[in-house]
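# Structural characterization, general
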Amino acid sequence: MLLPFPRSREGLFKCKSGGEIKLPSAKVLEQKKQMVADLVDSLNNSVAGVIVDYKGITVADDTKLRKELREAGVKYSVVKNTLLGLAAKSAGLDDITNVLEGTTAIAISPEDQTAAARILQKYADASKGKFTIKSGYLEGKVIDTAMIESLAKLPSRDILLATVCNAFNAPIAAFARVIQAVVDKGGAPEEEAAPAEEAAPVEEAAPAEEAAPAEEAAPAEEAAAPAEEAPAETPAE
């Protein structure tokens, strides 16, 4: 039990047992407040994060893990449970505090929802229980280890975006190829068809010109008939 008095030296308090406890200085408290503020900012400006217990990882594996996370754009750091708990509450991730015990590190991903889960789950599976995942969050919601395992099976954000873009572009590309084929194959026949259309009236006009003499010949035959009947009237006188 702490006794506020007597105060033997600045920053020290007497205990009933006779010992002394040194309280954090104002400078240390300000540093911790800044660390919590930085954590809150990182949590609020990220899309996903994973919390792990790193106690069983080797130095070599830890170096590889940090490099792989860094290349994927994920920030990885060891944190004190108390500080992370305060930051999680300020960021609206209260349920994370339930797993904050033992050694703790957090991987925070600003843009890729699957990167931290995919990389850390790989190391957790290889460690056989020495490096374990505690919890995580996704888009401002706390998620359990089962959800993290599911995220770990998904491809990276870049691959997902490329797949979606290809799905949208495929019909457009196919349509463009069809239009180009119509232009390439249909342009030439249209130009050749023009003379054929002009020639059609000429062919139809030809029979009309030949039929004209036939119509004029009909009256000539009718005129010849009376000429033959004229001699037959002379004997009657």
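Structure report, in brief. (Residues numbered from 1 in each chain as written. Predicted model: local features only at pLDDT ≥ 70, side-chain atom pairs only at ≥ 80, totals over all residues. Heavy atoms only, no water.)

## Topic: the overall build of the chain
From N to C terminus, the chain includes six helices and eight strands. Going from the N terminus to the C terminus, the chain shows its helices and strands as β-β-β-α-β-α-β-α-β-α-β-β-α-α. Across the 237 residues of the chain, 26% fall into the buried class. Counted over contacts in the chain with a minimum sequence separation of 6, partners at least 24 positions apart contribute 71%. As displayed, the chain offers around 16,400 Å² of accessible surface, 58% of which is attributable to carbon and sulfur atoms. (Helix = DSSP H or I, 4+ residues; strand = E, 2+ residues; numbered from the N terminus. Buried < 20%, exposed > 50% of the residue type's maximum accessible area, 1.4 Å probe, protein only. Contact = heavy atoms within 4.5 Å. Areas by Shrake-Rupley, 256 points an atom, 1.4 Å probe, with all protein chains shown as cover.)

## Section: the packing of helix 4 (residues 115-127) against helix 5 (residues 145-152)
Look at helix 4 against helix 5: their axes get within 8 Å of each other, and the N-to-C directions meet at 100°. Taken together, the axis directions place helix 4 and helix 5 in an arrangement best described as roughly perpendicular. Where helix 4 abuts helix 5, its residues A117, R118 and Q121 lie against I148, E149, L151 and A152. Residue composition of the contact of helix 4 with helix 5, grouped by class: four nonpolar, one polar and two charged. (Axes fitted to C-alpha atoms, helices over the stretch in contact; angles between N-to-C directions. Parallel < 35°, antiparallel > 145°, perpendicular 65-115°, else oblique. Nonpolar A, V, L, I, M, F, W, Y, C, P; charged D, E, K, R; others polar.)

## Here's the deal with the environment of I148
Mapped onto the elements, I148 comes out in helix 5. Sequence separation of I148 and Y137 is 11 residues, and the distance between their C-alpha atoms is 8.7 Å. Beyond its immediate stretch of four places on either side in the chain, I148 contacts V50, A117, Q121, I133, S135, G136 and I143.

## Some thoughts on the layout of surface pockets
Quantified by volume, the largest pocket comes out at close to 190 Å³. Forming the walls of the largest pocket are M35, D38, L39, S42, K75, S77, V78, V79, K80, L83, I106 and I108. For the lining of the largest pocket, the leading source of residues is helix 1 (residues 26-44), giving four residues. Taken together, the residues of the lining of the largest pocket sort by class into seven nonpolar, two polar and three charged. (1 Å grid on protein atoms, 1.4 Å probe; cavity = no way out; pocket = protein on both sides within 12 Å on 5 of 7 lines; lining within 4 Å. Points joined across faces, edges and corners; volume = space filled by probe spheres on them.)

## Section: the pattern of salt bridges
Within the structure shown, the criterion is met by five salt bridges. Salt-bridge contacts for K33 lead to E30; the nearest nitrogen and oxygen are separated by 3.9 Å. You can see K33 and its partner E30 sitting in helix 1, three residues apart, about one turn around the helix. Assessed through its relative accessible area of 54%, K33 is described here as exposed. Classification of E30 by relative accessible area gives partly exposed; the value is 48%. Of the charged contacts, one joins R66 and D62 as a salt bridge, the two residues approaching to 2.9 Å between their closest N and O atoms. A residue pair is termed a helical-turn pair when its members lie 3 or 4 positions apart in one helix, as R66 and D62 do in helix 2 (residues 59-71) at four residues. (Salt bridge = Lys/Arg side-chain N within 4 Å of Asp/Glu carboxyl O.)

## Overview of helix 2
In this model, helix 2 (13 residues) spans 18 Å end to end at C-alpha, consistent with the 18 Å of a helix rising 1.5 Å per residue. Structurally, helix 2 contributes buried residues whose contacts are with strand 5 (75-78) and helix 4. (Expected span 1.5 Å × (residues − 1).)

## Things to note about the pairing of strand 6 (residues 105-109)
Counting buried positions over the five residues of strand 6 gives five, a clear majority of the element. Residue alternation in strand 6 divides its side chains into two sets, A105, A107 and S109 and I106 and I108, and both sets are buried. Two elements, strand 4 (residues 48-53) and strand 6, share five bridges in a ladder whose sense is antiparallel. Residue pairing across strands places I51 opposite I106, the latter belonging to strand 6. (Pairing = 2+ DSSP bridges.)

## Brief notes about the sheet that holds strand 5
Pairing in this open sheet of five strands is antiparallel, and the strands run 5-6-4-7-8 from one edge to the other. Each edge of the open sheet is held by one strand with a lone partner, namely strand 5 and strand 8 (141-143). Sheet twist, expressed as the average angle between the axes of neighbouring strands with direction ignored, equals 20°. Contacting strand 4, strand 5, strand 6 and strand 7 (132-138), helix 4 crosses the sheet at an angle of about 20° to strand 4.

## Focus on empty space enclosed by the protein
Counted according to the given criterion, the structure contains one cavity of 30 Å³ or more. By volume, the largest cavity is sized at about 30 Å³. For the largest cavity, the full set of lining residues is A48, G49, V50, Q113, A116, A117, Y137, I143, I148 and L151. Broken down by secondary-structure element, the contributors of at least two residues to the lining of the largest cavity are strand 4, helix 4 and helix 5. Looking at the lining of the largest cavity, the element that brings in the most residues is strand 4, giving three residues. The class makeup of the residues in the lining of the largest cavity is eight nonpolar, two polar and no charged.

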